[in-house]
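# Survey of secondary and tertiary structure
As a plain string of letters, each chain reads:
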Amino acid sequence: MNWDDTTGTPASERLVGSVADREDQAVEAALRPKDLDEFIGQEKVREQLDLVLRAARARGATADHVLLSGAPGLGKTTLSMIIAAEMGAPIRITSGPAIQHAGDLAAILSSLQEGEVLFLDEIHRMSRPAEEMLYMAMEDFRVDVVVGKGPGATAIPLELPPFTLVGATTRAGLLPPPLRDRFGFTAHMEFYEPAELERVIHRSANLLEVEIDAPGAAEIAGRSRGTPRIANRLLRRVRDYAQVKADGLVTREIAAAALAVYEVDTRGLDRLDRAVLQALLKLFGGGPVGLSTLAVAVGEERETVEEVAEPFLVREGLLARTPRGRIATPAAWAHLGLTPPGAPAAGNGQQDLFGA
């Protein structure tokens, strides 16, 4: 079974997956902040973006094109909507995979109103012909529509009204330099600190009418992988548990008990993450071991382990990728409560080392 949208299957079965399912999308629409002052976290990005938008409004011009990069669930779509709201402009939303031909993009661009914000999610997955058309549209607000084929083909120039493109990507390195250079403002979205996630959780709990105390919010925040989307999803599952098993108030104890039911541990690892670590530690002595061998031991596809489980384990310092293969760090042994091979057992002195 694949565990995340990264490999092309829905992430709904993975509680700590960062890709939004339909339920997430519906809830996020209700929880999204409406302006920059209400947006929590990303302090530098908010400050810089506020200057860009204020300056554009003062000039009476459309805002510069904006590129937002970062992991899923950090607020790129929310910021795009805030940009439109701050500029008092409508927003059009589409995605890179939906634009497979230059004609698809031309149809969207030609229907834009002056000042409109075009949000293009996963912009790095757009087709190359559409990408090349976008260069001219962003720089000169013009596209050449080709009519006919072969020697008789004719390029008809089409003037576009000034608009603001907001591109979002989880893989900024895949964007070609000519496209990256045409964005007037580029921002990288960082993972959230636990204190910031606590504020997100309290705000969401207030909107969802969930009673939660500070320790309960802190417990959820600590298991949310630095991602607001995951924090909101965990909050909803803890709310369900509190309503069924308790009096509805979310405390630290209730949050911990609820997330234990959903197999999300204190560091935000779920069953897949722990399966990878346990195989690495118990079957291969902590490594090094090849990715394919590790995937077989876990019973998952190679891509699932590499693209879904490993990024978070590496970021948490529990696993390292080396030229010889994957190895576990001392933090991984400690987190699972295991002793590395060759390490003295707890309580043993120097005599045990020499067999005395």
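The present account deals with the structure reproduced in this document. In this text, all values refer to a predicted model and were calculated from it rather than measured experimentally. (Residues numbered from 1 in each chain as written. Predicted model: local features only at pLDDT ≥ 70, side-chain atom pairs only at ≥ 80, totals over all residues. Heavy atoms only, no water.)

Moving on, we come to the nonpolar core. The biggest cluster of nonpolar side chains holds 49 residues, and the ones touching the most others in it are Leu-49, Leu-79, Ile-201, Ile-212, Ile-220 and Val-250. Setting aside residues up to four positions removed in sequence, Leu-49 forms contacts with Leu-36, Val-66, Leu-79, Ile-83 and Phe-185. Judged by nonpolar contacts, the second largest core, of 24 residues, contains Leu-105, Ile-123, Tyr-135 and Phe-183. (Core = buried A, V, L, I, M, F, W, Y, C linked by side-chain atoms within 4.5 Å. Buried < 20%, exposed > 50% of the residue type's maximum accessible area, 1.4 Å probe, protein only. Contact = heavy atoms within 4.5 Å.)

Okay, unusual backbone geometry next. For the peptide bond that leads from Gly-287 to Pro-288, omega is 5°, which places it in the cis range. Turning to its location among the elements, Pro-288 is positioned in the loop between α11 (271-283) and α12 (291-298). Residues other than glycine seldom take positive phi values, yet Glu-122 does so here, at roughly 50°. As for its position among the elements, Glu-122 is in the loop between β3 (117-121) and α5 (128-140). (Helix = DSSP H or I, 4+ residues; strand = E, 2+ residues; numbered from the N terminus.)

So, on to α11. Along its 13 residues, α11 runs 17 Å from first to last C-alpha, staying within 8% of the 18 Å computed at 1.5 Å per residue. Where α11 is concerned, the buried positions are Leu-272, Asp-273, Arg-274, Val-276, Leu-277, Ala-279, Leu-280 and Leu-281. Where α11 is buried, its residues meet α12, α13 (302-315), β8 (319-322), β9 (325-328) and α14 (330-335). Residue Asp-270 occupies the N-cap position of α11, its side-chain oxygen lying 3.3 Å from the main-chain nitrogen of Leu-272. (Expected span 1.5 Å × (residues − 1). Polar contact = N/O pair within 3.5 Å; in protein donor to acceptor, adjacent residues only side chain to side chain.)

Here we take up the sheet that holds strand β7 (residues 185-188). With parallel pairing, five strands are arranged side by side in an open sheet as β2-β3-β6-β1-β7. Each edge of the open sheet is held by one strand with a lone partner, namely β2 (91-95) and β7. Direction aside, the axes of adjacent strands within the sheet are offset by 15° on average. In this sheet, strand β6 (residues 164-169) lies alongside β3 in parallel orientation, the contact comprising four bridges. Looking at the pairing, Leu-120 lines up with Gly-167 of β6. (Pairing = 2+ DSSP bridges. Axes fitted to C-alpha atoms, helices over the stretch in contact; angles between N-to-C directions.)

Turning next to the packing of aromatic side chains. According to the stated counting rule, one finds one aromatic pair in the structure shown. With 5.5 Å between their ring centres and 80° between their planes, Phe-141 and Phe-163 make a pair best called edge-to-face. Within this pair, whereas Phe-141 is found in the loop between α5 and β4 (142-147), its partner Phe-163 is found in the loop between β5 (154-159) and β6, the two being separated by 22 residues in sequence. The exposure class of Phe-141 is partly exposed, given its relative accessible area of 21%. On the basis of relative accessibility, which here comes to 1%, the residue Phe-163 falls in the buried class. The lysine or arginine in question, Arg-225, covers the ring of Phe-312, its NZ or CZ lying 3.9 Å from the ring centre. (Phe/Tyr/Trp six-rings, centres within 6.5 Å; stacked < 30°, edge-to-face > 60°. Lys NZ or Arg CZ within 6 Å of the ring centre and 35° of its normal.)

So, about the layout of surface pockets. In this structure, the second largest pocket spans a volume of roughly 190 Å³. Partitioning the lining of the second largest pocket into residue classes produces six nonpolar, three polar and five charged. (1 Å grid on protein atoms, 1.4 Å probe; cavity = no way out; pocket = protein on both sides within 12 Å on 5 of 7 lines; lining within 4 Å. Points joined across faces, edges and corners; volume = space filled by probe spheres on them. Nonpolar A, V, L, I, M, F, W, Y, C, P; charged D, E, K, R; others polar.)

Let's shift gears to the pattern of salt bridges. It is possible for side chains bearing opposite charge to pair when their charged atoms get close. Counted by the stated rule, this structure contains 16 salt bridges. Between Arg-267 and Glu-316 there is a salt bridge, with the nearest N and O atoms lying 3.3 Å from each other. On the criterion of sequence distance, the pair formed by Arg-267 in the loop between α10 (252-261) and α11 and Glu-316 in the loop between α13 and β8 is long-range, its members being 49 residues apart. Salt-bridge contacts for Arg-321 lead to Glu-310; the nearest nitrogen and oxygen are separated by 2.8 Å. Note that Arg-321 is positioned in strand β8 and Glu-310 in helix α13, a separation of eleven residues in sequence. (Salt bridge = Lys/Arg side-chain N within 4 Å of Asp/Glu carboxyl O.)

All right, on to the environment of Ala-30 then. Along the polypeptide, Ala-30 turns up in helix α1 (residues 22-31). As a C-alpha pair, Ala-30 and Ser-204 span 174 residues in sequence and 9.3 Å in three-dimensional space.

Further remarks concern the pairing of β2. Relative to β3, β2 runs parallel, the two sharing five bridges. In the strand pairing of β3, Thr-94 is matched with Leu-120. Chirality of the crossover, the property in question, places the unit of β2, helix α4 (residues 102-110) and β3 among those that are right-handed. (Right-handed = clockwise from strand over helix to strand, strands pointing away.)

You can see Glu-131 is positioned in helix α5. Among residues more than four places away in sequence, those in contact with Glu-131 are Met-126, Pro-176 and Leu-179.

For the pair α4 and α5, the least separation of the axes is 7 Å and the interaxial angle reads 35°. Along its contact with α4, which presents Ala-102, Leu-105, Ala-106 and Leu-109, the element α5 presents Pro-129, Ala-130, Met-133, Leu-134 and Ala-137. A class-by-class count of the residues in the contact of α4 with α5 yields nine nonpolar, no polar and no charged.

With that settled, consider the packing of helix α9 (residues 228-245) against α10. At their nearest, the axes of α9 and α10 sit 9 Å apart, and the two run at 105° to each other. When the interaxial angle is binned, α9 and α10 end up roughly perpendicular. Only Ile-254, Ala-255, Ala-257, Ala-258, Leu-259 and Val-261 of α10 make contact with α9, whose side of the interface consists of Leu-234, Val-238, Tyr-241 and Ala-242. By residue class, the composition of the contact of α9 with α10 is ten nonpolar, no polar and no charged. (Parallel < 35°, antiparallel > 145°, perpendicular 65-115°, else oblique.)

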